[in-house]
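Geometric and topological summary
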Amino acid sequence: MENEKIILDIVVDVQKDFITGALVNAEAQANVAHLAEVARAHAQAGHWMFFTKDTHPEEYLDTREGRRLPVEHCIEGAPGHALYGRIAELIRPTDEVFEKPSFGSADLFEWLRAAQPPFKSIELVGLVSNICVISNAVLAKAACPEVPVIVDAACTASFDDSLNEKALDVLEGLQVQVTNR
């Protein structure tokens, strides 16, 4: 049975607006090439690949999140909504892409909970560590409580180094394995 287990990689919100657009992030720019290489290696190794995309309406500034973070970003259909560079090239016809209007993907949670495939592990990389990565890691842990959830610290980033470290600490406290810290 162990040989039948699958590794699922979830690439969280590696979109143009977080790398070069409205919410440009120097830390994300610094590690996006490494993140893309890790994701490519995992895809070539046969891991299942899922992608999330931060997805907002044109009226984003009128939303609760938009009032707290008043920077239009990842507007559906706009160039900044697209997955960034080599990450976009990784998507295969069998991969799932979850567009999400909030930090965590309810659709991803429901998919994981309903499917319950024999995952060996669920591994997350992407942006932003203290917002969307942590949210989706918690949802994966809740949907599949017996499956190890792993976050690769070398393949995530935040706008704030202190919040990044705190998010990684919280993940470890939630029994998420944080690697490459």
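Our structure's up above, just so we're on the same page.
Residues numbered from 1 in each chain as written. Predicted model: local features only at pLDDT ≥ 70, side-chain atom pairs only at ≥ 80, totals over all residues. Heavy atoms only, no water.

Put simply, the largest pocket is a space of about 160 Å³. Forming the walls of the largest pocket are 13 residues, and the residues nearest its centre are E65, L69, H73, F103 and I131. (1 Å grid on protein atoms, 1.4 Å probe; cavity = no way out; pocket = protein on both sides within 12 Å on 5 of 7 lines; lining within 4 Å. Points joined across faces, edges and corners; volume = space filled by probe spheres on them.)

The next thing to look at is the pattern of salt bridges. Following the criterion strictly, the structure yields 10 salt bridges and no others. Between E37 and R86 there is a salt bridge whose closest N-O contact spans 2.4 Å. Of this pair, E37 sits in helix α2 (residues 26–44) while R86 sits in helix α4 (residues 85–89), placing them 49 residues apart in sequence. Close ionic contact of R92 with D95 constitutes a salt bridge, the shortest N to O distance being 3.0 Å. Beyond isolated ion pairs, a larger network of salt bridges with shared partners links E165, D169, E172 and R181. (Salt bridge = Lys/Arg side-chain N within 4 Å of Asp/Glu carboxyl O. Helix = DSSP H or I, 4+ residues; strand = E, 2+ residues; numbered from the N terminus.)

Okay, the sheet that holds strand β6 (residues 177–179) next. With respect to topology, six strands assemble into an open sheet ordered β3-β2-β1-β4-β5-β6, the strand pairing being parallel. The open sheet terminates on both sides in strands that have one partner only, identified here as β3 (96–100) and β6. Across the sheet, the axes of successive neighbouring strands diverge by a mean angle of 20 degrees, strand direction being ignored. One ladder, built from five bridges, connects strand β1 (residues 6–12) with strand β2 (residues 48–54); its direction is parallel. Looking across to β2, one finds that L8 is bridged to W48. Against the sheet, α2 touches β1, β2, β4 (119–127) and β5 (149–157), its axis set at about 140 degrees to β5. (Pairing = 2+ DSSP bridges. Axes fitted to C-alpha atoms, helices over the stretch in contact; angles between N-to-C directions. Contact = heavy atoms within 4.5 Å.)

Our focus in this paragraph is the environment of N180. If you trace the backbone, N180 turns up in the segment after β6. Separated by 89 residues in the primary sequence, N180 and I91 place their C-alpha atoms 25 Å from one another. Among residues more than four places away in sequence, those in contact with N180 are D152, A153 and A154.

Right, let's talk about the pairing of β2 for a bit. By the criterion of burial, β2 is predominantly enclosed, with six of the seven residues buried. Sheet topology places β2 next to β3; five bridges connect them, and they run parallel. Across the sheet, K53 pairs through a bridge with E99, a residue of β3. (Buried < 20%, exposed > 50% of the residue type's maximum accessible area, 1.4 Å probe, protein only.)

In this section: a nonpolar patch on the surface. On the surface, V138, V170 and L174 cluster together into a nonpolar patch covering about 220 Å² of accessible area. Along the polypeptide, V170 turns up in helix α7 (residues 161–173). Exposure remark for V170: the relative accessible area of 42% places this residue in the partly exposed category. (Patch = residues over 30% accessible without salt bridge, like charges linked within 9 Å, V, L, I, M, F, W, Y side chains within 5 Å. Areas by Shrake-Rupley, 256 points an atom, 1.4 Å probe, with all protein chains shown as cover.)

The subject of this paragraph is the state of the cysteines. All chains considered together, the criterion is met by zero disulfides. Of the cysteine sulfurs around C144, a residue in no disulfide, the closest is that of C132, at 19 Å. When its relative accessible area of 1% is taken as the criterion, C144 is described as buried. (Disulfide = S-S within 2.5 Å.)

Residues E58, E59, D62 and E72 make up a contiguous surface patch of negative charge. Looking at the element boundaries, E59 is found in the loop between β2 and α3 (64–68). A residue is classified by how much of its surface remains accessible, and E59, at 48% relative accessible area, is partly exposed. (Lys, Arg positive; Asp, Glu negative; His and termini not counted. Charge placed at Lys NZ, Arg CZ, Asp CG, Glu CD.)

For the coordinates displayed, the defined rule picks out five aromatic pairs. When the ring of W48 is compared with that of W111, the centres are 6.0 Å apart and the planes differ by 70 degrees; the resulting orientation is edge-to-face. Of this pair, W48 sits in strand β2 while W111 is found in helix α5 (residues 106–115), placing the two residues 63 residues apart along the sequence. Judged by its relative accessible area of 32%, W48 is partly exposed. What links up through ring pairs into an aromatic cluster is the set W48, F50, F98, W111 and F119. (Phe/Tyr/Trp six-rings, centres within 6.5 Å; stacked < 30°, edge-to-face > 60°.)

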